[in-house]
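Structural overview for review
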Amino acid sequence: MTATGTLVLLLPFLLSLAGRATMPKMLCLVTSLLALLLSVKPYGAVVPWLIGMIIAAVAVYERLRRCRAV
């Protein structure tokens, strides 16, 4: 696996670092590691990666929403 492939699989975790809460960070770390482990099979990492991206996107959205409200 190349460095680019690893970076793409870790993208949910990296995106979740922009959020404020710790639970989404841990969930995205777990889904990213699961995606790394399942990437051996073709298309095996799709479902954990999508779940991680959804969690990270919601976390970042909530942080932006709170910043705008203040």
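Report follows, based on the coordinates.

Here we take up the layout of surface pockets. Estimated volume of the largest pocket: approximately 160 Å³. For the largest pocket, the full set of lining residues is Arg20, Ala21, Pro24, Ile55, Val58, Ala59, Glu62, Arg63 and Arg66. At six residues, the largest contribution of residues to the lining of the largest pocket is made by helix 4 (residues 46-69). Partitioning the lining of the largest pocket into residue classes produces five nonpolar, no polar and four charged.

A few words on the side chain of serine 32. Examined against the element boundaries, serine 32 turns out to sit in helix 3 (residues 22-38). What makes serine 32 buried here is its relative accessible area of 0%. Setting aside residues no more than four positions away along its own chain, serine 32 makes contact with Leu9, Leu10, Pro12 and Phe13.

Parameters at a glance
- Residues numbered from 1 in each chain as written.
- Predicted model: local features only at pLDDT ≥ 70, side-chain atom pairs only at ≥ 80, totals over all residues.
- Heavy atoms only, no water.
- 1 Å grid on protein atoms, 1.4 Å probe; cavity = no way out; pocket = protein on both sides within 12 Å on 5 of 7 lines; lining within 4 Å.
- Points joined across faces, edges and corners; volume = space filled by probe spheres on them.
- Helix = DSSP H or I, 4+ residues; strand = E, 2+ residues; numbered from the N terminus.
- Nonpolar A, V, L, I, M, F, W, Y, C, P; charged D, E, K, R; others polar.
- Buried < 20%, exposed > 50% of the residue type's maximum accessible area, 1.4 Å probe, protein only.
- Contact = heavy atoms within 4.5 Å.

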